[in-house]
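Summary of the model geometry
Here are the chains, one letter per residue:
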Amino acid sequence: MKFSENEKLLCYHGPLLYEAKCVKTRKEGSGGYSYYVHYQGWNKNWDEWVTEGRMLKINPESREMQKRLLEQHLAATKESKKSKSSKSSSNKKTPSSRASTPDTSGTSGASFIKKEEATPVSSKKKRMDDDVANSPRTTSTSSTSSSTGSRLIRFKISIPEELRYVLVNDWDLITVKKNLFSLPAKYSIATLIKDYLENKNVYQGRNYYIVTEVMKGILDTFNRLIGKELLYKVECKQYKELRIGSQESYTDIYGTAHLLRLLSKIDTVLNLTKIEVDSDVSLIESIIGDFLKYLEDNMNKLFTSKNYKDAG
């Protein structure tokens, strides 16, 4: 147990860190612990159970991180207001028009990701940027191409809040504290997905086949994007020094943190495909959502600072 009752600490609530106190603890079925925290100066209605992924010991480093997150949040809020003001001013000058969805290649079905491989990465990156810039999200997950009139389904996959805190901690450990994720990982992505599929053996027939295909697609996509989209600058040297055996892939070497980085942008990758059947999109979203829930349920085991080492 990392924290004890009555201990003062810092706890994430939304994008920021707040002072809190651990009121009580409980052991979870997964072997980890949950903590009931009270945010200092807040009404008790805000008291809640949280996991270790949202909690930090109070020390100079965590205080610095608290300060830095607040500064970034204030800067982002200010920039957002400026952007809205600029758009409002622009709309007064010219009639508003809906951006068309770019014509992206792809395929329907669960093996969507693998069949995209023939597209050069530089081209995909440009299309990815264009896709994000030209296709603003709405409450609906579908859009219409102005050139063809066809209805393209937009993927929208949300990362659970607890896992978003893991991403923030991963960023801090790598970019601020100059650590590296230890490779080869003690618990590789390939092993994790194998365990997940075994855990999902309740699936029968076609559903199990589709779940397997989606997981294979995630593995293939990771192997293709790891060196181009999923590394921080400080990790590039480690990546270049890797020696991959003939029977190995990057998913046999890398671990949970890098997988989560991919999943945080998986809907952008999926939106490069062209799927026009709501049921296909809903099924794929459901499968990835279930996988994310599995990661969240086991996060105390999967995501820990023990996975990292000093870069020096």
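Read on for a plain summary of the structure. Since we're looking at a predicted model, the values are computed, not measured. (Residues numbered from 1 in each chain as written. Predicted model: local features only at pLDDT ≥ 70, side-chain atom pairs only at ≥ 80, totals over all residues. Heavy atoms only, no water.)

Another point: the sheet that holds strand E3 (residues 33–39). If you walk across this open sheet you meet the five strands as E4-E3-E2-E1-E5, and the pairing is antiparallel. Edge positions in the open sheet fall to strand E4 (48–51) and strand E5 (55–56), since each of these has one partner strand only. Bridge count for strand E1 (residues 8–13) against strand E2 (residues 16–27) is six bridges, and the pairing is antiparallel. When the bridges of E2 are listed, His 13 appears paired with Leu 16. (Pairing = 2+ DSSP bridges. Helix = DSSP H or I, 4+ residues; strand = E, 2+ residues; numbered from the N terminus.)

In this section: the pattern of salt bridges. Using the criterion set out here, one finds 14 salt bridges in the structure. Taking the shortest distance from any N to any O, the salt bridge between Glu 7 and Lys 57 comes out at 2.7 Å. In this pair, Glu 7 sits in the segment before E1 while Lys 57 sits in the loop between E5 and helix H1 (60–93), placing the two residues 50 residues apart along the sequence. Glu 7 sits in the buried class, given a relative accessible area of 18%. Residue Lys 57 is classed as partly exposed on the basis of its relative accessible area, which comes to 32%. (Salt bridge = Lys/Arg side-chain N within 4 Å of Asp/Glu carboxyl O. Buried < 20%, exposed > 50% of the residue type's maximum accessible area, 1.4 Å probe, protein only.)

Right, let's get into the packing of aromatic side chains. Following the criterion strictly, the structure yields 13 aromatic pairs and no others. For the ring pair Phe 181 and Tyr 308, a centre distance of 5.3 Å and an interplane angle of 75 degrees mean the geometry is edge-to-face. Highlighted residues: Phe 181 in strand E8 (residues 179–181) and Tyr 308 in strand E9 (residues 308–310), separated in sequence by 127 residues. We note that Phe 181, like Tyr 308, is buried. In textbook terms, an aromatic cluster arises when at least three aromatic residues are bridged by ring pairs, as seen for Tyr 18, Tyr 39, Trp 42 and Trp 46. Above the face of the Tyr 36 ring, Lys 24 is positioned so that its terminal group lies 5.1 Å from the ring centre. The ring of Trp 49 is capped by Arg 26, whose NZ or CZ atom sits 4.0 Å from the centre of that ring. (Phe/Tyr/Trp six-rings, centres within 6.5 Å; stacked < 30°, edge-to-face > 60°. Lys NZ or Arg CZ within 6 Å of the ring centre and 35° of its normal.)

Let us now look at the environment of Asp 170. Looking at where Asp 170 falls in the secondary structure, it is placed in helix H3 (residues 161–176). Its relative accessible area of 2% is what places Asp 170 among the buried residues. Taking the C-alpha atoms as reference, Asp 170 lies 9.1 Å from Phe 303; in sequence the two are 133 residues apart. Residues within four places of Asp 170 in sequence aside, it is in contact with Tyr 232, Ala 257, Arg 261 and Tyr 308. At a separation of 2.6 Å, a polar atom in the side chain of Asp 170 contacts the side chain of Tyr 308. (Contact = heavy atoms within 4.5 Å. Polar contact = N/O pair within 3.5 Å; in protein donor to acceptor, adjacent residues only side chain to side chain.)

Remark: two residues form the turn of the hairpin made by E1 and E2, two consecutive strands paired antiparallel; Gly 14 in that turn has positive phi of roughly 70 degrees. Here E1 pairs with E5 via two bridges, running antiparallel. Paired with Cys 11 across the two strands is Met 55, which belongs to E5.

Note that the residue after Leu 183, namely Pro 184, is joined by a cis bond; omega there is -5 degrees. Residue position: Pro 184 is located in the loop between E8 and helix H4 (189–199). One non-glycine residue, Asn 6, lies in positive phi territory at about 75 degrees. With respect to the helices and strands, the residue Asn 6 is situated in the segment before E1. For Asn 6, a relative accessible area of 55% puts it in the exposed group. Notably, Lys 178 is not glycine yet its phi reads approximately 60 degrees, a positive angle.

Across seven bridges, the pairing between E2 and E3 is antiparallel. Bridge pairing in E3 links Lys 21 to His 38. Adjacent in sequence and paired antiparallel, E2 and E3 are bridged by five residues, among which Gly 31 carries a positive phi angle near 100 degrees.

Coordinates in, geometry out; function isn't part of it.
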